[in-house]
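The primary structure of each chain is shown beneath.
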Amino acid sequence: MPTETQIAFLPVTEQLDLITKGAAEIIPPVAASAPDALAARLEESRKTGVPLRIKAGFDPTAPDLHLGHTVLMRKLRHFQQLGHTALIGDPTGKNQTRKPLTREEIDANAETYKDQVFKILDREKTEVRYNSEWLDKLGYAGMVKLAAKFTVSQMLEREDFHKRFQEEQPIHVHELLYPMAQGYDSVALKCDVELGGTDQKFNLMRGRDLQRDAGQKPQIILMTPILEGLDGVQKMSKSLGNAIGIKDPASDMYGKLMSINDELMWRYWTFLTDLPQSQIDTMRASVEKGELHPMQAKKNLAHAITADFHSATEADAAAENWATQFQQKGVAEDLPEVTVPLNAEGLHAPPAEGQSEQHLRIAKLLQLAGLAASAGEATRKLAENAVSINGEKFNGKTLSQESLGETPTLRLGKKSVRVKWIV
């Protein structure tokens, strides 16, 4: 367990550049001049040389994490890189009932989770704590005393509780205890800052309430947003097929990152790297001025993230492999991108007998991609063998969506484009 020794911290403005990067909301606001605001707390820490205690609760039920799960962990890592202490453990805020786990199951899940978490966090600068250390000691009388600090009307201010109450859906009593318990965690750990997703705001605020009641300085709350997946629209989720797993092989991780659109690339730079926001803004300005090609910025991003979860050597090999694949197919890396709605009229072909995969009409796809004025013209070009898909000649009528891939390249004559599907 790390000890709180005196540390020479960076100036507050430099710390804030990294800490505030990608934050959806900070309470109190960074600009606030109150003594319990983040800047004041950082300045006090800098003067005393004592690191702040930063808390985040994680749910160790998912066996395999994806990059969307790492946004909060990376913010915790930013505090670690600045010399502060990270506190992680099992969370107590849940908005739905689930089968309770035994202590053995919790411990087994936590070990699996820690193996993945420490791909991001510094193990030597992290305290792993279980709230059973203090919640089990409360007992019946202690829990009643804790519950007496809140009202039912306060609990119903939580968005999901309010919605279920209005819809006359059940809200179990034990669910009302979760926000109280999470708030009490902050008291027990004497937290300076608690991190959480925007959906956890109500629970995070309870920590401030209980710390004031206990005579402690109320913790700063820093919330991070939900990260979009590869499609750039829906949240990253393995069930939606738009996720990048942190256990994905280096070549797969690099290739998936190279498939995202340019706008999403900047969000990934913010939420999935350790580069300060000021440097990201400078890079983006260089792209807008034409001084840096967006493809190179995306390659740098893919390499940085892949190296983070594997190694620089594996990231180098993945980059080389990706470039080689494009060179072998004769496909340029910096093609213009066009968007094609997957639900466009006439794009989907009726399934042939014995066909299980969804097939698309290529002539219609060429028209939608702007390579042909009409489906009729595209059909003629296909017959003339003037069309290439993903670097290979194609003269058929349909092709499965799976065969086309997530970002297919189309070429008709001398004009080429890369397709981004709109779901």
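Residues numbered from 1 in each chain as written. Predicted model: local features only at pLDDT ≥ 70, side-chain atom pairs only at ≥ 80, totals over all residues. Heavy atoms only, no water.

Caption draft 1: Summary view of helix 8 (residues 173-189). With 17 residues, helix 8 should cover 24 Å at 1.5 Å per step; its first-to-last C-alpha distance of 25 Å lies within 8% of that length. Listing the buried residues of helix 8 in full gives E175, L176, P179, M180, A181, Q182, G183, D185, S186, V187 and L189. (Helix = DSSP H or I, 4+ residues; strand = E, 2+ residues; numbered from the N terminus. Expected span 1.5 Å × (residues − 1). Buried < 20%, exposed > 50% of the residue type's maximum accessible area, 1.4 Å probe, protein only.)

Caption draft 2: Region of interest: the sheet that holds strand 2 (residues 53-57). Strand order in this open sheet of six strands is 1-6-5-2-3-4, and the pairing throughout is mixed. At either end of the open sheet lies a strand with only one pairing partner, and these are strand 1 (25-27) and strand 4 (126-129). Strand-to-strand twist across the sheet, computed as the mean angle between neighbouring axes with direction ignored, equals 20°. Strand direction decides the pairing type here: strand 2 and strand 3 (residues 85-89), joined by five bridges, are parallel. Looking across to strand 3, one finds that R53 is bridged to T85. Helix 9 (residues 201-213) contacts strand 1, strand 5 (193-197) and strand 6 (220-224) of the sheet and is inclined by roughly 165° relative to strand 6. (Pairing = 2+ DSSP bridges. Axes fitted to C-alpha atoms, helices over the stretch in contact; angles between N-to-C directions. Contact = heavy atoms within 4.5 Å.)

Caption draft 3: Region of the structure containing the pattern of salt bridges. If you walk through the whole model with that rule in mind, you get 23 salt bridges. For D274, the salt bridge is made with R77, and the minimal N-O distance between the two is 2.3 Å. Taken as a pair, D274 in the loop between helix 11 (262-272) and helix 12 (277-288) and R77 in helix 3 (residues 70-81) lie far apart in primary sequence, 197 residues in all. Given a relative accessible area of 11%, R77 falls into the buried group. Between R129 and E133 there is a salt bridge, with the nearest N and O atoms lying 3.0 Å from each other. In this structure R129 comes out as buried when scored by relative accessible area, which is 18%. Linked by salt bridges that have partners in common, R53, E127, R129 and E133 make up one network. (Salt bridge = Lys/Arg side-chain N within 4 Å of Asp/Glu carboxyl O.)

Caption draft 4: Structural detail: empty space enclosed by the protein. As enumerated under the stated definition, the model contains two cavities of 30 Å³ or more in all. Computed from the structure, the second largest cavity encloses a volume of approximately 50 Å³. If you go around the second largest cavity, the residues you meet are K21, G22, V71, R74, K75, H78, T224, T270 and F271. At the level of secondary structure, the elements contributing two or more residues to the lining of the second largest cavity comprise helix 3 and helix 11. The biggest single contributor to the lining of the second largest cavity is helix 3, with four residues. Looking at the lining of the second largest cavity, its residues break down into two nonpolar, four polar and three charged. (1 Å grid on protein atoms, 1.4 Å probe; cavity = no way out; pocket = protein on both sides within 12 Å on 5 of 7 lines; lining within 4 Å. Points joined across faces, edges and corners; volume = space filled by probe spheres on them. Nonpolar A, V, L, I, M, F, W, Y, C, P; charged D, E, K, R; others polar.)

Caption draft 5: Seen up close, the nonpolar core. Grouped together as the largest cluster of nonpolar side chains are 61 residues, with contacts concentrated most on L67, L76, L195 and Y268. At seven residues, the largest contribution of residues to this core is made by helix 11. Aside from chain neighbours lying at most four places away, what touches L67 is L227, M236, I244, I246, L257, L272, I305 and F309. One finds A369, L382, L404 and W421 within the second-largest nonpolar core, a separate group that totals 25 residues. (Core = buried A, V, L, I, M, F, W, Y, C linked by side-chain atoms within 4.5 Å.)

Caption draft 6: Structural detail: the packing of aromatic side chains. In this structure the tally under the stated criterion is one aromatic pair. The side chain of R158 reaches across the aromatic face of F161, ending 4.2 Å from its centre. Lying over the aromatic face of F202, R206 brings its terminal NZ or CZ to 4.5 Å of the ring centre. (Phe/Tyr/Trp six-rings, centres within 6.5 Å; stacked < 30°, edge-to-face > 60°. Lys NZ or Arg CZ within 6 Å of the ring centre and 35° of its normal.)

Keep in mind these numbers describe shape, not what the thing actually does.
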